[in-house]
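# Breakdown of the fold
Below, each chain spelled out in residue letters.
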Amino acid sequence: MTEEPCKCPENMREALPLAAYEAAMEGRVQHVRAWLNAGGDVNATTMLSDKLGPGMSLLAAACYQGQADVVRELLKNPMTHLNTRHNTECGMNCTPMYIAAHSGYDNCISALLTSKLKGKIARHEEVNDIIKRSLATARCPAQREPHLSRPNDPQKRPDGVTLLPWKDGKQVVWDYTCAATLASTYLHYSTRESGGAASFRESQKIIKYRGLAHCYSFVPIGSETLG
């Protein structure tokens with residue numbers, strides 16, 4: 001059973017003090033931590049009337065200035081919402097991920113992508129659940145996260161494998177990946193073709209699981225996100 005996708009609340013306004021906001025913008029982790037330990041809401045936002053626009057949260061402010069240490073500190077809090085929307089000079093209804101990608105801060109993007117918070121986990125789980133249910137509809141049952149290995153090859157744990165042969169007498173193994181379209185790491189691929197970032201990530205998955213090619217038919221499944 002998968003987790004429900006993160007349903008972030010409407011941004012709280014006039015709840016984030018200027019001092020805490022500036023601490024996040026300037027990378028002062030201890031000040032941010034102190035404010036939260038004193039009972040501050042990690043998802044609070046403010047009505048600052050500067051160029052960033054209203055309703056900026058601590059996470060969005062840190063991503064805007066590339067303060068990865070603050071981002072990592074905020075992501076330690078299980079109540080942090082990854083998908084709150086903010087109106088900034090980057091655009092309207094921007095998530096922290098979009099803000100970090102637009103500003104080119106790979107360190108913040110990496111922290112967000114590797115976060116164990118519910119938003120990212122729910123997305124990955126939901127996609128794999130859709131794949132498994134689609135296969136079941138086609139009368140091909142599947143197993144999630146199997147342990148697969150080959151001689152002289154480290155054990156692999158892709159996202160799923162069919163329990164029946166699917167193509168050329170082989171079971172299908174799949175692994176899902178998601179790339180941030182505007183991250184500088186993938187921008188070269190994104191500007192060359194639509195879906196270029198996802199295609200690049202898929203090619204990396206093919207290399208990772210090439211040791212399974214003799215026994216399984218491997219299918220990488222890539223998608224992209226703007227945040």
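It should be noted that the structure appears before, not after, this text.
As a starting point, this report considers the structure included with it.

Cut-off values and rules
- Residues numbered from 1 in each chain as written.
- Predicted model: local features only at pLDDT ≥ 70, side-chain atom pairs only at ≥ 80, totals over all residues.
- Heavy atoms only, no water.
- Buried < 20%, exposed > 50% of the residue type's maximum accessible area, 1.4 Å probe, protein only.
- Helix = DSSP H or I, 4+ residues; strand = E, 2+ residues; numbered from the N terminus.
- Pairing = 2+ DSSP bridges.
- Phe/Tyr/Trp six-rings, centres within 6.5 Å; stacked < 30°, edge-to-face > 60°.

Here we come to the pairing of strand β9 (residues 171–180). Within β9, nine of the 10 residues are buried, leaving the element largely enclosed by the surrounding structure. With two bridges joining them, strand β8 (residues 160–162) and β9 adopt antiparallel strand pairing. Across the sheet, Gly 160 pairs through a bridge with Trp 174, a residue of β9. Sheet topology note: the β9/strand β10 (residues 216–225) ladder contains 10 bridges and is parallel. If you follow Thr 177 over to β10, its bridge partner there is Gly 222.

What follows is about the packing of aromatic side chains. Going through the model one piece at a time under the given rule, you end up with three aromatic pairs. Plain terms: the ring middles of Tyr 186 and Phe 200 are 6.1 Å apart, the flat faces sit at 55 degrees to each other, and that makes the pair tilted. In this pair, Tyr 186 sits in helix α8 (residues 184–192) while Phe 200 sits in helix α9 (residues 196–208), placing the two residues 14 residues apart along the sequence. We classify Phe 200 as partly exposed; its relative accessible area is 21%. Judged by centre distance (5.0 Å) and plane angle (35 degrees), the rings of Tyr 209 and Phe 218 are tilted. Like Phe 218, Tyr 209 is buried. Taken together, the aromatic side chains of Tyr 186, Tyr 189 and Phe 200 make up a single cluster linked through ring pairs.

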